[in-house]
Amino acid sequence: IFNRFGVLVAMVHVLLPFMILPLYAVMKGVPPSHFRAAQSLGATNRVAFLKVYLPQTIPGVAAGALLVFIMALGYYITPALVGGPGDQMLSSMLVYHMNEVVNFGMASALGALLLIATILLFIVFGRLVSAGQFLRRG
């Protein structure tokens, strides 16, 4: 406690279900016959996983990662309680500049940074998911 490792363990403990649930939903929808067909055509387990199973689970990975990222943006209580003063997140710095220092310019710059990071992540994962759908069709 009161170190960065403690903050990471606490955040993983809270956010892990939000990654596992979308991933499990997508993995459950992948027919096992696809994996067996790849094996019957001569693919090893590793190749069948990488070429057949993994591209079909990309939308679940993207959804889970995006959900976890957006939830982690608002984390400022957990790092403040579990970590020390050196383990503050960007959102806690934003709250500090809004409430304590009353530096609205810095707070708006941090808010814009969070917004730009979220929009860029949406674009990257949107392209990743569309590429995954392209791989399934081709």
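Quick look at the structure, then. The residue numbers shown here count from 1 along each chain, following its written sequence. At least 70 in pLDDT is required for a residue's local features to be given in this predicted model, at least 80 for side-chain atom pairs to be given and counted, and no such filter applies to totals for whole chains, interfaces and linings, which use all residues. Derived side-chain values reflect all non-hydrogen atoms in the structure, with water molecules and hydrogen atoms excluded from consideration.

## Some details on the environment of G64
Helix numbering and strand numbering both begin at the N terminus, where a helix is a DSSP run of H or I of at least 4 residues and a strand a DSSP run of E of at least 2. The topology assignment puts G64 in helix 3 (residues 45–73). For each residue, the accessible area found with a 1.4 Å probe, counting protein chains only, is set against the maximum for its type, and the residue is called buried under 20%, exposed over 50%, and partly exposed in between. For G64, a relative accessible area of 0% translates into the label buried. Separated by 61 residues in sequence, G64 and F125 have C-alpha atoms that sit 11 Å apart. Two residues form a contact once any of their heavy atoms are found within 4.5 Å. What G64 contacts, discounting residues up to four positions off in sequence, is F18, M19 and P22.

## Describing the packing of helix 2 (residues 32–40) against helix 3
Across the interface, helix 2 lies against helix 3 with an axial gap of 9 Å and an inter-helix angle of 145°. Here the hand of the crossing between helix 2 and helix 3 comes out right-handed. Of the residues in helix 3, those in contact with H34, F35, A38 and Q39 of helix 2 are N45, A48, F49, V52, Y53 and Q56. Axis definition: a line fit to C-alpha positions, over the contact stretch in the case of helices; interaxial angles, taken between N-to-C directions, run 0 to 180 degrees. Note: crossing handedness is left-handed where the near helix turns anticlockwise from the far helix by less than a right angle, and right-handed where it turns clockwise.

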